[in-house]
Amino acid sequence: MALMTGEQYVESIRKIKMEVYMFGKKVENPVDDPILRPSLNSVKMTYDLAQMPEYQDLMTAVSPYTGKRVNRFTHIHQSTEDLMNKVKMQRLCGQKTAACFQRCVGMDAFNAEFSTTYEIDKKYGTKYHENFKNFMTYCQENDLTVDGAMTDTKGDRSLAPHAQADPDLFLHVVERRPDGVVVRGAKAHQTGILNSHEVIVMPTISMGPDDKDYAISFAVPLDTKGLFMIVGRQSCDTRKREGSEMDVGNSTFGGVEALTVFDNVFVPNDRIFLNGETEFAGMLVERFAGYHRQSYGGCKVGVGDVLIGAAAVAADYNGAAKASHVKDKLIEMTHLNETLFCCGIACSAMGTPTESGNYIIDLLLANVCKQNVTRFPYEIVRLAEDIAGGLMVTAPSEADFRDPKLGPVIDKYLRGVASVSTENRLRILRLIENLSLGTAAVGYRTESMHGAGSPQAQRIMIARQGNLAHKKELAKAIAHIKE
Ligand code: SF4
Ligand code: FE
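Residues numbered from 1 in each chain as written. Chains lettered and ligands numbered in written order. Predicted model: local features only at pLDDT ≥ 70, side-chain atom pairs only at ≥ 80, totals over all residues. Heavy atoms only, no water.

Peer 1: Sorry, what's going on with the overall build of the chain here?
Peer 2: Counting its regular elements, the chain contains 18 helices and 14 strands. Relative to the globule expectation of 23 Å for 483 residues, the C-alpha radius of gyration of the chain, 23 Å, shows essentially globular dimensions. Considering only C-alpha atoms, the chain reaches an extent of 75 × 70 × 50 Å along its principal axes. For the chain, buried positions account for 56% of its 483 residues. (Helix = DSSP H or I, 4+ residues; strand = E, 2+ residues; numbered from the N terminus. Rg over C-alpha atoms; globule rule 2.2 N^0.38 Å. Buried < 20%, exposed > 50% of the residue type's maximum accessible area, 1.4 Å probe, protein only.)

Written out as structure tokens, the structure is:
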């Protein structure tokens, strides 16, 4: 099968009988649910853009494993150019959706699994790399969306997986059978899982010999028995049920996260990529996290582009665009946003081949990238709110605006520049609200903080990769110190 169109993707997800819950009820039709559909539309954009000739180089690549053109979200990076194209593609997708388009977790899991399984096999003579390659080519050939599930619920953070009061707080093997394993546990905040065909599960931390049953990685389809999802609430989510696209701010696109439960899920042998080789859990985590920290130097930048644009439009509509402090704030927002992009590009340009042949980012720079992402979007949002003014959170609803008595009053008093309609002014403010406080704030703010690992996780990696000993030697050499 060639690349899917966006419509074919939507229909392919519709066919999967997945078990999804929201607001205490089973969602019978997630694809058409008004709260969930915008998140599906964001993933659909990764298919739509791949169909457009002008984006073919960014959105697709020729797979050396199938010999065919595949969506870059299923690609194994073959060069530093591939790594840079990945970041540029993510910026484009962020610009087109102003939301989390979710498909990157699978791409990042693919590339981490590719190299890690190769190295496990080399040491142990296992066949995880072959298992993974078979799965990966199946996904490439069918143009599938894959979720990458890493984050366990983790319970008491001071205890190792095997030492938790409840053994299920980290996903683990509960039964070993000749044909596979049975696993139990849950993965938290699973981005885009209900818009995915398959899920790759990985361990969440480095592990010791006592955690053997927890060092497990595999892939299963979303309709696997025992797998179910509880959708996470987002700020202002039920506005999407009210029928007012104006009040939502970004009514077409969104993101979604879910608590994903594996309740005695069977995994066949040929879908297992790690099983008890505890010392490789850390490698898989470090590589996946590294790729996903690179990702944020693309996706958040694209969403930032929309937010900066929205703030500039709000200033135009207020008549404030020529004020020097407004111009300066827009410059500052741009400076911060492009700094994030610099980090995403830099860690890609400094990438190197792994033993398996695929390319990995420079881990130090990828962690610096993500550390900046834990800060700069907050400042960009602060400046956007500053420019937007208080009306972004005090404006009446669309229902009031459409009311025959109240509408004309709102139209009269909430107008800025006379030539701009009040409706357009309210629309742009609602978009800023959506990005800074509404459903998209999950992706642009809190996900900037905690997605791909919380700030401290990057600081640990920066400490590990920063090579302080080398820096000390440099200083001693310059100071002519002989010890
Ligand atoms: Fe992709 Fe960014 Fe969403 Fe992660 S947060 S899945 S990198 S869009
Ligand atoms: Fe994320």
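Peer 1: What is the right way to look at helix H10 (residues 363-373) in this model?
Peer 2: Residues spaced three or four apart along an α-helix face the same direction, because each turn holds 3.6 residues. Most of H10 sits out of view: eight of its 11 residues are buried. Those residues of H10 that sit buried are Leu363, Ala366, Asn367, Cys369, Lys370, Gln371, Asn372 and Val373.

Peer 1: I keep staring at the packing of aromatic side chains and nothing clicks. Help me out?
Peer 2: By convention here, two paired aromatic rings are described through the distance between centres and the angle between planes. Throughout the structure, instances matching the rule amount to 12 aromatic pairs. For the pair Phe73 and Phe101, a centre-to-centre distance of 6.1 Å together with 75° between the ring planes defines the contact as edge-to-face. Of this pair, Phe73 sits in the loop between strand S4 (69-71) and helix H4 (80-97) while Phe101 sits in the loop between H4 and helix H5 (104-124), placing them 28 residues apart in sequence. On the accessibility criterion, Phe73 (2% relative accessible area) is buried. Assessed through its relative accessible area of 1%, Phe101 is described here as buried. Note on Phe132 and Phe135: the rings are 6.5 Å apart at their centroids and 55° apart in plane angle, and the pair reads as tilted. (Phe/Tyr/Trp six-rings, centres within 6.5 Å; stacked < 30°, edge-to-face > 60°.)

Peer 1: Can you walk me through the coordination of the iron ion (ligand 2) in this structure?
Peer 2: Put simply, a metal with four donors set out as a tetrahedron has ideal angles of 109.5 degrees, and one with six donors set out as an octahedron has ideal angles of 90 or 180 degrees. Here the iron ion (ligand 2) is held by Tyr296 (OH) and Glu447 (OE), and the distances to it run 2.3 to 2.6 Å. Of this pair, Tyr296 sits in helix H8 (residues 281-318) while Glu447 is found in helix H16 (residues 441-450), placing the two residues 151 residues apart along the sequence. Per residue, the accessibility class of Tyr296 equals that of Glu447, and both read buried. (Donors = N, O, S within 2.8 Å, 3.2 Å for Na, K, Ca; no water.)

Peer 1: Can you walk me through the nonpolar core in this structure?
Peer 2: Nonpolar side chains tend to gather and get buried jointly when the protein is soluble and globular. Val183, Leu194 and Phe262 are the most contacted members of the largest nonpolar core, which has 75 residues in total. With six residues, the single largest contributor to this core is H5. Each residue touching Phe262, except ones within four places of it in the same chain, is listed here: Leu171, Val183, Arg184, Gly185, Lys187, Val199, Val201, Phe218, Val220, Gly226 and Leu227. Ranked by size, the runner-up nonpolar core spans 60 residues in total, among them Cys93, Val303, Tyr317 and Leu426. (Core = buried A, V, L, I, M, F, W, Y, C linked by side-chain atoms within 4.5 Å. Contact = heavy atoms within 4.5 Å.)

Peer 1: It is not clear to me how the pattern of salt bridges should be interpreted in this structure. Could you clarify?
Peer 2: Pairing is possible between side chains that carry opposite charge, provided their charged atoms lie close to one another. Applying the stated rule across the entire model yields 33 salt bridges. Lys68 is the partner of Glu141 in a salt bridge, and the nearest nitrogen-oxygen pair spans 3.7 Å. Of the two residues, Glu141 is situated in helix H6 (residues 128-142) and Lys68 in the loop between strand S3 (60-62) and S4; the sequence distance between them amounts to 73 residues. Accessibility expressed as a relative area gives 33% for Glu141, which makes it partly exposed. (Salt bridge = Lys/Arg side-chain N within 4 Å of Asp/Glu carboxyl O.)

Peer 1: When you look at the site of ligand 1 in this model, what are you seeing that I'm missing?
Peer 2: Close to ligand 1 lie Cys100, Phe101, Gln102, Cys104, His292, Ser295, Tyr296, Cys299, Lys300 and Glu447. For ligand 1, the cavity whose grid points lie within 2 Å of the majority of its atoms is the largest cavity. Looking at the shell around ligand 1, the element that brings in the most residues is H8, giving five residues. (Near = heavy atom within 4 Å. 1 Å grid on protein atoms, 1.4 Å probe; cavity = no way out; pocket = protein on both sides within 12 Å on 5 of 7 lines; lining within 4 Å. Sits in = over half its atoms within 2 Å of the grid points.)

Peer 1: Looking at this model, I keep getting lost on empty space enclosed by the protein. Mind explaining?
Peer 2: Any empty space left between the atoms is revealed when a probe the size of a water molecule rolls over them. Enumeration over the complete set of coordinates arrives at six cavities of 30 Å³ or more. For the largest cavity, the full set of lining residues is Cys100, Phe101, Gln102, Arg103, Cys104, Val105, Thr191, His292, Tyr296, Cys299, Lys300 and Glu447. Broken down by secondary-structure element, the contributors of at least two residues to the lining of the largest cavity are H5 and H8. Broken down by element, the residue count for the lining of the largest cavity peaks at four residues, all from H8. Of the residues that constitute the lining of the largest cavity, the class distribution is six nonpolar, three polar and three charged. Of the voids in this model, the second largest cavity is the one considered here, and its volume is about 70 Å³. Residue lining of the second largest cavity: 13 residues in total, with Gln234, Gly255, Thr439, Ala440 and Gly443 positioned closest to the centre. (Points joined across faces, edges and corners; volume = space filled by probe spheres on them. Nonpolar A, V, L, I, M, F, W, Y, C, P; charged D, E, K, R; others polar.)

Peer 1: Could you clarify how one ought to interpret the sheet that holds strand S12 (residues 272-275) in this entry?
Peer 2: The strands that make up a sheet are held in pairs by hydrogen bonds between backbone atoms, and each pair lies either parallel or antiparallel. In spatial order, the strands read S5-S8-S9-S12; together these four strands make up an open sheet with mixed pairing. Whereas interior strands pair on both sides, the edge strands pair on one side only; in this sheet they are strand S5 (146-149) and S12. On average, each strand axis in the sheet is inclined to that of its neighbour by 20°, with strand direction left out of account. Of the strand pairs in this sheet, S5 and strand S8 (residues 198-201) are connected by four bridges, and their pairing is parallel. Bridge assignment links Asp147 to a residue of S8, and that residue is Val199. (Pairing = 2+ DSSP bridges. Axes fitted to C-alpha atoms, helices over the stretch in contact; angles between N-to-C directions.)

Peer 1: Is there a simple way to explain the sheet that holds strand S10 (residues 227-231) in this structure?
Peer 2: Strand order in this open sheet of six strands is S2-S1-S10-S11-S7-S6, and the pairing throughout is mixed. Single-partner strands in this sheet number two, and they are strand S2 (25-26) and strand S6 (172-177). As paired elements, strand S7 (residues 180-187) and strand S11 (residues 258-268) share seven bridges and run antiparallel to each other. Considered in S11, the bridge of Val182 is made with Phe266.

Peer 1: Where do I start with the layout of surface pockets in this structure?
Peer 2: Looking at the largest pocket, its volume works out to about 1100 Å³. In this structure, the largest pocket is lined by 39 residues; those nearest its centre are Thr151, His450, Ala452, Gly453 and Ser454. Contributions of two or more residues to the lining of the largest pocket are made by S5, H8, H16 and helix H17 (455-465). No other element matches the nine residues that H8 contributes to the lining of the largest pocket. Its residues placed into classes, the lining of the largest pocket shows 13 nonpolar, 17 polar and nine charged.

Peer 1: Help me out: how do you make sense of the environment of Val368 in this one?
Peer 2: Relative to the assigned elements, Val368 resides in helix H10. A relative accessible area of 29% places Val368 in the partly exposed class. Separated by 28 residues in the primary sequence, Val368 and Leu340 place their C-alpha atoms 9.4 Å from one another.

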